[in-house]
Each structure stands twice: as C-alpha cells, then as structure tokens.
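Remarks on the overall topology
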Amino acid sequence: MLRRALELEKEINLVQRSTKTLLRFFIPIHNWLRMKSRLYYIWSLQPYSRAVHWVILFLYICSLPFALSPYYSPNNIEVAGATTYDFPRWEWVNPLPTGDSILSLKVFDQNNIWAVGYSGNIFRYSSGTITPQFSGVNSAIRSIDGVNQNELWAVGDDGVILHYNGISWTSLNSGTIEDLECVKVIDVNTVYVVGNDDTILKTTNKGNSWVSQTTNSGQSLYSIDSFSSNNLIIGASSKNFSTNDGGDTWVENLSLPIGFYDINIINNQTGWATKEAIEDEVYKTTDGGATWNPSTVAGSMISVAPVDGNIAWAADWNGKISKTTNGGESWVEQTDSVKRLMYIRALDENHAWAVGWSGNFMETTDGGITWGNKDYSISNYDFKSVYSAS
C-alpha cells in the first residue's frame, strides 16, 4: 500500500508539473492544448518534455536576430541619392515631390539644395531633379542647416534631431519631446536648436551631448541665426533675444516689441527678418543687430531671402513673391503662387527657391522674371481606388 501511495504521489506531482511552462504567459495555451489533444497531454507527462521546452525556447531566442534583421539592417536604410528600399514600404507617387507641405530649405549651390517638411520628408534637389531621402522619422521636420553638403542637421516635432554625414541620416537623442523649430550650424561641432516652451539646445561635440539654455521667457522660439560664432539672435512669439557669449546669457531686445519668425543673417553686420505671417513688413539691420528698420511690402510676409544689403526676395504667406533691389525702399511683386508659401532662400541675384504647402517647390534662374514649379501632378482628379493585377 505504501509503495502504491508513493507511486500515486509521484504521478500527481508529475501531472502538477506538467501544467506549468517556462514562461508564465504560455501556461493558458499549454493547458488548452493538454485538454484538446490527448497526444499532447501524454507527451507533456514525459520526463523529457521539460528539456524539449528549454531547447525550443533557446532556438526561438537565437532566431530573433535573423527574423528581425531585414527590417533593421543598415543595408536596408536608404542613403543619399537612393530611391529604392530592400524592405516593403509605401512610396509617394503623386503629386511629386510630395503632397505634404515643405517647410524649409538649405541652399549650397544650384545643384545642392535640401528641403524638409511634414511626415519626415527630406528632399535633395540637383540638376532639376528632386530626390527623396530616407529620414527614418514620421514627425514634421521644420528646419535644416549645415556647413556643407556632407554635414547637415535637421530638427522637427517631438524633439527630433537628425544628422547627415554624407551617406545617411541618423536620429540623435535630444533629451526633449518639445517641437523644435529651427537649427543653426556654426561649425562641424557646434550647433544650436530652438523650439517650443523656451527650448534652446547647444552641442559643441557634434551632437554627442546637448546643453540646455534658456531666455527665461517661456515663449515659443521660432528662429535663430548668427552674426558670429558667439553673437546670435533668436526670434520668439512676441520678443527677440540676443547673446554675445555663445548662449550663456540671453538678453531681450527691448527696442523690438515684436518677435521675428524668419531671420536671415548674411554677414557680421547685415541681416534681414520677417515677423509672423500677418504683417506686411520686412526688417533689416546693418549694425550687427543693434537696430532693425522696417520696410513695407504688400502682403503677409513669412520669409525673406537676402543676397546682400540691397537685393532680397520676400515670400508672402498667401503665395506672393516680391523683390527689392534698393535695400527695401521699394518692392516689386514677381509672381503669385496658387499655393501658400512657407520659406524662401536665394543663392545670388538670379537664383532663388521658394517652398510651401502641398509640395509647392518654385525656382527662378533669371532674377525672378520667371518662376517655375518643380512640383507636379499626373492628374488633377481625385483618385477613388487602386487595383493591382498581380
């Protein structure tokens, strides 16, 4: 009797152990199979079943890197100039280059122009062709700057900071989730970033670490540019701030009771700026930012693109582009886009580019006599469905 009792106790312990698994979240599935399948139930009672479970778990863990590698391999991240991908994905086809708004530009020369915008879009314009780049993010990218075409920085919503090394874009840890509005690159190591809720970030080691600065204003900061490596100016919601010590201290410019939306400094003395896109004024300084003088332009100016102290283009929120050749004393309207404009930049007195809503991408090569659209659509009709024959 004692022997039979011991055998029964052993069998009971065996059944109890067979109801358990190595990972707790597999227990319901395991016991459901025991109830539904007699073969599985008998197998689970065998003394070697636990060892088999360990082997299966080990093989599963070892297979994970191979299963995920097609999606995370560096070979499958698009590099500059590439337009194909090794992994399945949707690609924008119409209209081109995008149906989303383009928000900012960086011009190096006629064949090296970069643009950024909503939905993580980054484009490179060269020899009349706009090529999409893979940013790896979906947030709006609001600003781009760089010292050359192989050292670029871009910033955007949700604290996004991206760096381009001439081959690919890499996302860096900004330490914030605030929307970032503008980036200013001083040299290959030193970069300033500004954004919502008085966010100012500075790196002096190429983005390995970021130091937080503040204006103590609590305002949203929209733009930043520099007269020199230590002398910078920030445009905010309703104020402007400047520093002469690389951002250790920021001082409000009390002579300007408005905030600049777009600032474009061309040398250590001369710069141009616009307020938010509800004003018909463009501002200019010729004394390193000590004073700013307004110039009236018909429209709601949102961005300004100076060539020097006399020649500049200004983009109107509602789609107009105007030009001055006498330092802002008078402005001549050159074109009226059907789409809203957000940003304009110039290379010289003949070449300028403007971008805006719904992929609007405009170019002039003759001083603004004509403006051509680089965005286009294969159809003006609304598409209702799509069908694949394969």
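Residues numbered from 1 in each chain as written. Predicted model: local features only at pLDDT ≥ 70, side-chain atom pairs only at ≥ 80, totals over all residues. Heavy atoms only, no water.

**Examining the overall build of the protein chain**
Basically, it comes down to this: Put simply, DSSP H or I for four residues or longer makes a helix, DSSP E for two residues or longer makes a strand, and each gets a number counted from the N terminus. Classification of residues uses two cut-offs on accessible area relative to the type maximum, computed with a 1.4 Å probe and protein chains only: under 20% is buried, over 50% is exposed, and between them is partly exposed. Working rule for contacts: check all heavy atoms of both residues, and any pair within 4.5 Å makes them a contact. All accessible-area figures derive from a Shrake-Rupley calculation using a 1.4 Å probe, and residue coverage is judged against the displayed protein chains alone.
Within the protein chain, the regular secondary structure consists of 4 helices and 28 strands. Across the 390 residues in the protein chain, those meeting the buried criterion constitute 46%. Across the protein chain, the fraction of contacts at a sequence separation of at least 24, relative to all contacts at a separation of at least 6, is 40%. Surface summary for the protein chain: the accessible area is close to 20,700 Å², and the carbon and sulfur share equals 53%.

**Focus: the sheet that holds strand E19 (residues 281-285)**
As a reminder, the rule being used: Any two strands with at least two DSSP bridges between them are considered paired. To define axes, lines are fitted to C-alpha atoms, for helices over the stretch in contact only, and angles between the resulting N-to-C directions are given on a 0 to 180 degree scale.
Pairing within the open sheet is antiparallel, and its 4 strands lie in the order E17-E18-E19-E20. Looking along the sheet, the strands with just one partner apiece sit at the ends: strand E17 (262-265) and strand E20 (293-296). Put simply, the sheet's adjacent strands are angled 25° from each other on average, direction ignored. In the sheet, E19 pairs with E20 via 4 bridges, with the strands oriented antiparallel. Paired with glutamate 281 across the two strands is threonine 296, which belongs to E20.

**Quick notes on the confidence of the model for the protein chain**
How we decide: pLDDT is a residue-level measure of predictor confidence that goes from 0 to 100.
Looking at the protein chain as a whole, its pLDDT mean stands at 81, while 70% of the residues score no less than 70. Counting contacts from residues 69-87, a segment whose pLDDT is below 50, to residues more than four positions away or on other chains yields 32 contacts. Throughout residues 376-390 the model reports pLDDT below 50, and contacts reaching past four residues in sequence, or to other chains, amount to 8 contacts.

**A look at unusual backbone geometry**
Phi at aspartate 197 is positive, roughly 55°, even though this residue is not glycine. On the secondary structure map, aspartate 197 appears in the loop between strand E10 (191-195) and strand E11 (199-203). Residue aspartate 197 is classed as partly exposed on the basis of its relative accessible area of 48%. Of note, the phi angle at asparagine 216 is positive, near 60°, even though the residue is not glycine.

**Let's talk about the pairing of strand E23 (residues 320-324)**
Most of E23 is tucked away: 4 of the 5 residues are buried. Here strand E22 (residues 312-316) pairs with E23 via 4 bridges, running antiparallel. Bridging across to E23, tryptophan 313 finds its partner in lysine 323. Hairpin connection of E22 to E23: 3 residues between the antiparallel strands, including glycine 319 at a positive phi of 110°. In this sheet, strand E24 (residues 332-336) lies alongside E23 in antiparallel orientation, the contact comprising 4 bridges.

**Re the environment of alanine 346**
Mapped onto the fold, alanine 346 is located in strand E25 (residues 341-346). Among residues more than four places away in sequence, those in contact with alanine 346 are Ala305, Val307, Trp313, His351 and Ala352.

**Description of the environment of glycine 359**
Mapped onto the elements, glycine 359 comes out in the loop between strand E26 (352-356) and strand E27 (361-364). You can call glycine 359 buried: its relative accessible area is 0%.

**Description of the sheet that holds strand E1 (residues 102-109)**
The strand order across the open sheet formed by 4 strands is E1-E2-E3-E4, and the pairing between neighbours is antiparallel. Of all strands in the sheet, those with a lone pairing partner are E1 and strand E4 (129-133), marking the two edges. Each neighbouring strand pair of the sheet contributes to a mean axis angle of 20°, computed without reference to strand direction.

**Description of the pattern of salt bridges**
As a reminder of what qualifies: The term salt bridge refers to a side-chain nitrogen of Lys or Arg lying within 4 Å of a carboxyl oxygen of Asp or Glu.
Considering all chains together, one arrives at 8 salt bridges under this definition. Between lysine 206 and glutamate 151 there is a salt bridge, and its shortest N-O distance comes to 3.0 Å. Here lysine 206 is found in the loop between E11 and strand E12 (211-213), whereas its partner glutamate 151 is found in strand E6 (residues 151-156), with 55 residues between them in sequence. For lysine 206, a relative accessible area of 33% corresponds to the partly exposed category. The buried category is assigned to glutamate 151, whose relative accessible area is 12%. A salt bridge links aspartate 225 to lysine 184, with the nearest nitrogen and oxygen atoms 3.1 Å apart. Here aspartate 225, found in strand E13 (residues 221-226), pairs with lysine 184, found in strand E9 (residues 180-185); they are 41 residues apart in sequence, far enough to count as distant. For lysine 184, a relative accessible area of 17% gives the class buried.

**Notes on the side chain of glutamine 213**
To keep it simple, the criterion reads: Under the rule applied, a polar contact is a pair of N or O atoms within 3.5 Å (in protein, one hydrogen donor and one hydrogen acceptor; residues adjacent in sequence only if both atoms are side-chain atoms).
Its place among the elements puts glutamine 213 in strand E12. There is a polar contact of 3.3 Å between the side chain of glutamine 213 and the backbone oxygen of glycine 246. Setting aside residues no more than four positions away along its own chain, glutamine 213 makes contact with Tyr192, Asp198, Ile200, Lys202, Gly246, Gly247, Asp248 and Trp250.

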